[in-house]
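Spelled out from the first residue to the last, the chains are:
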Amino acid sequence: MADELTKEEKQRIKEQRRQEFLAAHPELAAKQKEAEEKKQKLVQTKKEIVDAVDGALLNDQEESRRDKMNDLRSQGIDPFGHAFARTHNSAMIKKAYGEKNAEELKALNAEVTIPGRIMSKRRMGKLGFIHLQDREGRIQVVINQRIVGDEIYNLFKSADLGDIIGVTGHVFKTDAGELSVECAEYTHLTKALRPLPEKFHGLQDKEERYRRRYVDLIMNDTSRDIAILRPRIVSAIRHWMDGQGYVEVETPILQPILGGASARPFATHHNALDKDYYLRIATELPLKRLIVGGMEKVYEIGRIFRNEGMDLKHNPEFTTMEAYCAYSDLEGMMKMNEELFEAVAMEVFGRTEFEFMGHTISLKAPFKRWNMVDAVKEVTGVDFWQPMSVEDALTLAKEHNVEVLPHQHTVGNIISLFFDAFCEDKIIQPTFVYGHPIEISPLAKKDDKDPRFTQRFELEICGIEMDNAFTELNDPIDQKARFEAQLELKKLGDDEASEVDDDYVEALEYGMPPTGGIGMGIDRFVMLLTGQDSIRDVLLFPTMRPKEK
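Criteria and cut-off values
Residue positions within a chain follow its written sequence, with the count starting from 1. Per-residue local features are limited, in this predicted model, to residues with pLDDT of at least 70; the limit for side-chain atom pairs, both in listing and counting, is 80 or more; totals at the level of whole chains, interfaces and linings are taken over all residues. Only hydrogens and water are removed before side-chain values are computed, so all heavy atoms of the structure are retained for them. The way it works is that DSSP assigns letters per residue, a run of H or I at least four long becomes a helix, a run of E at least two long becomes a strand, and they are numbered from the N terminus. To sort residues, take the accessible area from a 1.4 Å probe on protein chains only and compare it with the maximum for the residue type: under 20% means buried, over 50% means exposed, and anything in between is partly exposed. Should any heavy atoms of two residues lie within 4.5 Å, those residues are considered in contact. Accessible surface is estimated by sampling points in the Shrake-Rupley manner with a 1.4 Å probe; for residues, cover comes only from the protein chains shown. In this tally, Asp and Glu contribute negative charge and Lys and Arg positive charge; neither His nor the terminal groups of the chain are included. Lys charges are placed at NZ, Arg charges at CZ, Asp charges at CG and Glu charges at CD. Between the first and last residue of a helix there are one fewer steps than residues, each counted as 1.5 Å, and that sum is the expected span. Pairing between strands is defined by DSSP: at least two bridges between them are needed. We count a salt bridge whenever a side-chain nitrogen from Lys or Arg sits within 4 Å of a carboxyl oxygen from Asp or Glu. The term polar contact refers here to a pair of N or O atoms within 3.5 Å; inside protein, the definition further demands a hydrogen-donor-capable atom paired with an acceptor-capable atom, and it admits residues adjacent in sequence only when both atoms are side-chain atoms. Each aromatic pair joins two rings of Phe, Tyr and Trp (for Trp, the six-membered one) with centres within 6.5 Å, and gets the label stacked for planes under 30 degrees apart, edge-to-face for over 60, and tilted for any other angle.

Draft legend 1. A look at the overall build of the chain. Helix and strand content of the chain: 16 helices and 18 strands. Based on the C-alpha atoms only, the size of the chain along its principal axes is roughly 90 × 70 × 55 Å. The proportion of buried residues among the 549 residues of the chain is 47%. Partitioning the intrachain contacts of the chain with sequence separation of at least 6 by distance along the chain shows that 67% fall at a separation of at least 24. Approximately 28,400 Å² of the chain is accessible, and the part contributed by carbon and sulfur atoms is 52%. Separation of charge centres in the chain, based on 75 positive and 96 negative side chains, amounts to 6 Å.

Below, the structure is given as structure tokens:
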């Protein structure tokens, strides 16, 4: 929202106050600086010692693995292998044979061919045991020197954790009852030249997990499960939308005009046209042009780019689904939102209750409705239903320690600031927060009963905005005035304000039917369904700050 302080703005204000305090207390500032310098020296010394030890150990292992790579070549074996024809994966074997006992498996004499990465390895005399990992999980492989012969057994003995191999053999159960494959043929496929992190003390640092996602996916089952669940969730969204008669479309990522949301953009330059463009901050305006064109029900799942901060809920590039339905409105979008969330939860997980942010969240409809002004009045006692001047609202903000920036000097902005400060964190279960002031909703239709407010809602869960929906503004004259008001905000320092899109206004002049629209964050929805507290855990490649050298 236009009035919401970004993380950088909050940090800048906090830092400014800290500097002012230190300037007023120079002796304290000097002591703090000295303590910080000592701390940094200790941290750096510790890091150098750890890096030196780790580097020495790692170099020894890497040297050994390269020696083994050369040994493979000397035996005529390509260390980095060739195509391998599999017949099964670990899940298929478990599904087909997991419930059978040892006698039944012996009678079946089922042969399988599986590739995978060696995740554990041990030997007991002439018997070897490996756990192979593929995308679906792990399966044990037993290698008997008597069956495979000395040459293959020696190849197995020289293998390292992390190597990728292929095995053909028969399915059986060990004396301990573990479903396994008895190796008859062993094929080396890829030599791992770097050792995997040690199982219990390895890749625990979250920053490293995000930077080296390839290692994270190897070592952490949860990360791999989320990576597989995410596309299933997106597919379920498409399945429901297509079943409701929506048409999936694609709109441009490069935009000549900033619009469709309140956000700071990434800018680029088109060399052939010698013109600056923005990476889109929303898909809204192109999609609504399609409603004007008569497509009636459209949606797009696509990447959005906003040049803003990074935290547990925000990444500069993220995925949204925006959908528009002609002849619908705010109520229609609420119903659609409830049905979509419930349907996706049931299709992918078979349930509607999920653990998220320390709470059990129910996606069973209906969701709670909470008017923004009513919420502020209920929590703070301040009644913004009463007519008041900007000066009155600013006075109330000062009394309640609500900071108001210069471009937020409107009653509507101050209402929204009050809600963010006092009400948002009270929301746990899915709640439609509706009745947003017109000043922060440049693309939403006015409320017929009170033109100070709009027909807009945001679905919030655990205080997190999951989606945003409107009865769309289809009055071109009103829309032009709203765009121009945004320009005034930009002059006052609001770098998230929209620009005037004359072509969009012209499109509205041809006539857009009454329309409901919604935009939902795919990443946050996946966070909810998979129980993750950070957006980085549901993005395979989150944006990371440059690594310090």
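This is not the end of the story, as more comes after the structure.
Draft legend 2. Up close: helix α13 (residues 411-422). The end-to-end C-alpha distance of α13, which contains 12 residues, comes to 16 Å, matching closely the 16 Å that a straight helix rising 1.5 Å per residue would cover. Among the 12 residues of α13, nine are classified as buried, and the element is accordingly described as predominantly covered. Every buried residue of α13 is listed here: Val-411, Gly-412, Asn-413, Ile-414, Ile-415, Ser-416, Leu-417, Phe-418 and Phe-419. Packed against the buried residues of α13 are α11 (372-380), α12 (390-399), β15 (431-434) and β16 (456-461).

Draft legend 3. Spotlight on the pairing of strand β12 (residues 353-356). Going residue by residue along β12, you find Phe-354 and Phe-356 tucked away on one face and Glu-353 and Glu-355 left uncovered on the opposite face. Judged from the four bridges that link them, β12 and strand β13 (residues 359-362) form a sheet pairing that is antiparallel. Bridged to Glu-355 within β13 is Thr-360.

Draft legend 4. Seen up close, the pairing of strand β10 (residues 297-305). Counting buried positions over the nine residues of β10 gives seven, a clear majority of the element. As paired strands, strand β6 (residues 247-248) and β10 are joined by two bridges and run parallel to one another. Note that in β10 the partner of Glu-248 across the bridge is Tyr-299. Looking at chain direction, β10 and strand β11 (residues 317-326) are connected through nine bridges and run antiparallel. Looking at β11, one finds that Lys-297 is bridged to Cys-325.

Draft legend 5. Structural view of unusual backbone geometry. Cis geometry is found at the peptide bond from Ala-365 to Pro-366, where omega equals 0 degrees. Structurally, Pro-366 is set in the loop between β13 and β14 (368-371). Phi at Glu-296 is positive, roughly 70 degrees, even though this residue is not glycine. Mapping Glu-296 onto the fold places it in the loop between α9 (284-292) and β10. The exposure class assigned to Glu-296 is partly exposed, which follows from its relative accessible area of 40%. The backbone phi angle of Cys-462 is positive, close to 55 degrees, even though this residue is not glycine. Residue class for Cys-462 comes out buried when judged on its relative accessible area of 15%.

Draft legend 6. A look at the side chain of Arg-65. Its place among the elements puts Arg-65 in helix α2 (residues 26-74). Asp-163 provides the closest opposite charge to the buried, salt-bridge-free Arg-65, at an N-O distance of 4.2 Å. Engagement of the side chain of Arg-65 in a polar contact is seen with the backbone oxygen of Ala-192, the distance being 2.8 Å. What Arg-65 contacts, discounting residues up to four positions off in sequence, is Asp-160, Leu-161, Asp-163, Lys-191, Ala-192, Leu-193, Arg-194 and Pro-195.

Draft legend 7. Representation of the sheet that holds strand β7 (residues 254-255). Reading across the sheet, the three strands line up as β7-β9-β8 and stay open at both edges, with antiparallel pairing between neighbours. Whereas interior strands pair on both sides, the edge strands pair on one side only; in this sheet they are β7 and β8 (267-270).

Draft legend 8. Quick peek at the environment of Arg-524. Mapping Arg-524 onto the fold places it in helix α16 (residues 522-530). Judged by its relative accessible area of 16%, Arg-524 falls in the buried class. Ignoring anything within four residues of it in the chain, the contact list for Arg-524 reads Lys-313, His-314, Ile-464, Glu-465 and Met-466. Looking at Arg-524, its side chain comes within polar contact range of the main-chain oxygen of Lys-313, at 3.1 Å. At 3.3 Å, the side chain of Arg-524 forms a polar contact with the side chain of His-314.

Draft legend 9. Here's a closer look at the packing of aromatic side chains. Applying the stated rule across the entire model yields 10 aromatic pairs. Taking 6.3 Å as the distance between ring centres and 70 degrees as the angle between the ring planes, the aromatic pair formed by Trp-370 and Phe-419 counts as edge-to-face. Within this pair, whereas Trp-370 is found in strand β14, its partner Phe-419 is found in helix α13, the two being separated by 49 residues in sequence. On the basis of relative accessible area, Trp-370 is assigned to the buried category, the value being 8%. Ring centres of Trp-385 and Phe-453 lie 5.4 Å apart, and the angle between their planes is 65 degrees; this geometry places the pair in the edge-to-face category.

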